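# Per-entry structural report
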Amino acid sequence: MNLEAVIFDVDGTLADTERDGHRPAFNAAFRQAGLPWVWDERLYGELLAVTGGKERIRHYLERFQPTWLARPDIDATIAELHRAKTRHYVELMNRGDIPPRPGVVDLIRELAAEGVRLAVATTTSPENVDALLATTLRALPADSFEVIGAGDIVPAKKPAPDIYRWVLQQLDLPGAACLAVEDSANGLRAALGAAIPTLVTVSSTTRGESFDGALAVLPNLAGVNPARLRQWHPG
Ligand code: XBP
Ligand code: MG
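None of these values were measured; they are calculated from a predicted model. (Residues numbered from 1 in each chain as written. Chains lettered and ligands numbered in written order. Predicted model: local features only at pLDDT ≥ 70, side-chain atom pairs only at ≥ 80, totals over all residues. Heavy atoms only, no water.)

### Points about the packing of helix H5 (residues 74-94) against helix H7 (residues 126-134)
As a reminder, the rule being used: Every angle, taken between N-to-C directions, lies between 0 and 180 degrees, and every axis is a line fitted to C-alpha atoms, over only the stretch in contact when it is a helix. Here a helix means four or more residues in a row that DSSP labels H or I, a strand means two or more in a row labelled E, and each is numbered from the N terminus. Here the angle decides the label: under 35 degrees means roughly parallel, over 145 means roughly antiparallel, 65 to 115 means roughly perpendicular, and every other value means oblique. By the convention used here, residues are in contact when the closest approach between their heavy atoms is within 4.5 Å. Think of it as three bins: nonpolar holds Ala, Val, Leu, Ile, Met, Phe, Trp, Tyr, Cys and Pro, charged holds Asp, Glu, Lys and Arg, and polar takes everything else, Gly as well.
Their axes nearest at 9 Å, the elements H5 and H7 cross at an angle of 5°. Comparing the axis directions of H5 and H7 gives the class roughly parallel. Residues Lys85, Thr86, Tyr89, Val90 and Met93 of H5 touch H7, and the partners they reach there are Glu127, Asn128, Ala131 and Leu132. Tallied by class, the residues present in the contact of H5 with H7 amount to 5 nonpolar, 2 polar and 2 charged.

### Re the packing of helix H1 (residues 17-32) against H5
Counted only if it meets this: Take the far helix as your reference; a near helix turned counterclockwise from it by less than a right angle gives a left-handed crossing, and one turned clockwise gives a right-handed crossing.
As a packed pair, H1 and H5 sit with axes 8 Å apart at the nearest point and diverge in direction by 130°. Between H1 and H5, the interaxial angle falls into the category oblique. Helix-helix and strand crossings are classified by hand; for H1 and H5 the assignment is right-handed. Here Thr17, Asp20, Gly21, His22, Pro24, Ala25, Phe26, Ala28, Ala29, Phe30 and Gln32 of H1 lie close against H5, whose contacting residues are Leu81, Ala84, Lys85, His88, Tyr89, Leu92 and Met93.

### Things to note about the side chain of glutamate 182
To keep it simple, the criterion reads: Counted as a polar contact is a pair of N or O atoms within 3.5 Å, where, for protein atoms, one must be capable of donating a hydrogen and the other of accepting one, and residues adjacent in sequence contribute only when both atoms are in side chains.
Mapping glutamate 182 onto the fold places it in strand S4 (residues 178-182). Only 2.6 Å separates the side chain of glutamate 182 from the side chain of tyrosine 164, close enough to count as a polar contact. Those residues in contact with glutamate 182 that lie beyond four places of it in its chain are Asp9, Thr13, Lys158, Tyr164, Gly187, Leu188, Thr198, Leu199, Val200 and Thr201.

In structure tokens form, the structure reads like this:
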């Protein structure tokens, strides 16, 4: 089947946002709420096993602050912390310090020029995707992605395949006509679960993960063009 669409993950794939954006934003939200919780790089690397910001905070509490989970207002507390985290993340992006990963902008431009359809499938909040498009990816037209699947639009986040299935439905394409680009084992599992051939571009937080089933595993997307994607795509 011809390659009709490429579906990009966001965090770690388009930019190194986990290390430079999400982690500091979580810490800023905790600080602002007067909480002594600090997620250093090592701990954050472990917490990344759980995707989704609200889910990650809950997972942290389960492991390290179990008494917090017994509080009657814990759901509201997590939701408020996460809203604050999103505000800090968007502010951080607006400072403009986070560059796209190598090869990302050229590849997206070249795919668009060849008429390949473009989409996003991410567990991150839609506000975060908008901020990334307006800052890190401002070299691209704002409407580069025809479909954006993000955040709570599906209840089960990666590694569940739901977000990829939702995007396929919006594109009205079978998985075999698409190619997904992911940086993590959770993301790879999600895309393969929706029967989408998947290329992996390893990020600073996913080195050392295992990527069985990927079409190829690359250090980044530098020099990757549509012709190479078609070679990898099973066709
Ligand atoms: C990204 C994530 C996200 C972000 C936080 O995974 O796991 O949860 O860390 O985003 P992927 P929110 O790259 O596979 O999409 O705080 O907005 O949920
Ligand atoms: Mg990712």
